[in-house]
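Per-entry structural report
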Amino acid sequence: QLRQNKQYMNNLYGPACGGHVEKGESFTKAIKREAQEEIGIDIDEKDLKFLAIFHSYKTDHVLLFVTVNKYRGVPTIREPDLCGGLDWFDKYNLPQNTIPYIEKIFKGINKGVKYFDNDSCDDAHNNVDSNSSLNAINNSDKYQSRLAVNYLMFREKEGKKEILLQLRQNTG
């Protein structure tokens, strides 16, 4: 999705959709809401699959990355004032203007890494109990205002694995 009029990382590609978890909202409800609001698809919470978690020490934000194999609807731009494009790319050949830390997380996910714990994403771990981390974060008031979810959509087309990305532009 080509995002525009945002305050962060405009003119760069990022996840198909995502946003902050609202007070009292679970991760699963947040991603279901964001998927409907931003790209117009309906997903069932039971179909969500955990991919990775990222903790930024600099901002103390926590990002959760999930995907699903099944959804209803066709991904379309639902917020044209904030999104300048929604495009599929080869999963292993992301565009040059992908958000740098997101690109590192995608590459880590492709290698099976599930936990990233610094702003450069150079310190990736695969031996972390992600379910315990998620439960601790989900039940912590400290992180409530800093939680965000990111939904990654994948497909296979003509033998290629592709990922759906949004592009941000025109900082408002």
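A brief look at the structure comes next. Please read all numbers here as calculations on a predicted model, not as lab measurements.

This part takes up empty space enclosed by the protein. What the rule picks out here adds up to 1 cavity of 30 Å³ or more. Considering only enclosed or pocket space, the largest cavity measures out at about 40 Å³ in volume. Lys 91, Leu 94, Phe 106, Ile 109, Asn 110, Leu 152, Phe 154 and Ile 163 are the residues that line the largest cavity. Considering each element in turn, the lining of the largest cavity owes the most residues, 3 residues, to helix α2 (residues 100-110). Looking at the lining of the largest cavity residue by residue, the classes come out as 6 nonpolar, 1 polar and 1 charged.

A word on the nonpolar core. In terms of nonpolar packing, the biggest core is built from 24 residues, with Ile 31, Ile 39, Ile 41, Ile 43, Val 149, Tyr 151 and Met 153 touching the most fellow members. Going through the elements one at a time, α1 (27-39), β4 (48-56), β5 (61-68) and β9 (147-151) are the ones with two or more residues in this core. Not counting the four nearest positions on each side in its chain, Ile 31 is found in contact with Ile 43, Leu 48, Val 66, Val 149, Asn 150 and Tyr 151.

With 13 residues, α1 extends 18 Å from end C-alpha to end C-alpha; this agrees with the ideal 18 Å at 1.5 Å per step. Phe 27, Ala 30, Ile 31, Arg 33, Glu 34, Ala 35, Glu 38 and Ile 39 are the residues of α1 that are buried. The first or second residue beyond α1 is Gly 40, which carries a positive phi of 70°.

By the element assignment, Asp 87 lies in strand β6 (residues 83-90). Judged by its relative accessible area of 29%, Asp 87 falls in the partly exposed class. For the pair formed by Asp 87 and Pro 75, sequence separation is 12 residues and the distance between their alpha carbons is 9.8 Å.

We now examine the environment of Glu 38. Turning to its location among the elements, Glu 38 is positioned in helix α1. Sequence separation of Glu 38 and Ala 16 is 22 residues, and the distance between their C-alpha atoms is 8.4 Å. Only 3.3 Å separates the side chain of Glu 38 from the backbone nitrogen of Gly 18, close enough to count as a polar contact.

The next point concerns the pattern of salt bridges. Within this structure, the stated rule accounts for 11 salt bridges. For Arg 33, the salt bridge identified is with Glu 34, shortest N-O distance 2.9 Å. In this structure Glu 34 comes out as buried when scored by relative accessible area, which is 6%. Among the salt bridges present, the one from Glu 37 reaches Arg 33, with a minimum N-O distance of 3.4 Å. A residue pair is termed a helical-turn pair when its members lie 3 or 4 positions apart in one helix, as Glu 37 and Arg 33 do in helix α1 at 4 residues. On the accessibility criterion, Glu 37 (37% relative accessible area) is partly exposed. Here Arg 33 falls in the buried class, since its relative accessible area comes to 17%. Through salt bridges with shared partners, one network takes in Glu 22, Glu 25, Arg 33, Glu 34 and Glu 37.

Cut-offs used in this document
Residues numbered from 1 in each chain as written. Predicted model: local features only at pLDDT ≥ 70, side-chain atom pairs only at ≥ 80, totals over all residues. Heavy atoms only, no water. 1 Å grid on protein atoms, 1.4 Å probe; cavity = no way out; pocket = protein on both sides within 12 Å on 5 of 7 lines; lining within 4 Å. Points joined across faces, edges and corners; volume = space filled by probe spheres on them. Helix = DSSP H or I, 4+ residues; strand = E, 2+ residues; numbered from the N terminus. Nonpolar A, V, L, I, M, F, W, Y, C, P; charged D, E, K, R; others polar. Core = buried A, V, L, I, M, F, W, Y, C linked by side-chain atoms within 4.5 Å. Buried < 20%, exposed > 50% of the residue type's maximum accessible area, 1.4 Å probe, protein only. Contact = heavy atoms within 4.5 Å. Expected span 1.5 Å × (residues − 1). Polar contact = N/O pair within 3.5 Å; in protein donor to acceptor, adjacent residues only side chain to side chain. Salt bridge = Lys/Arg side-chain N within 4 Å of Asp/Glu carboxyl O.

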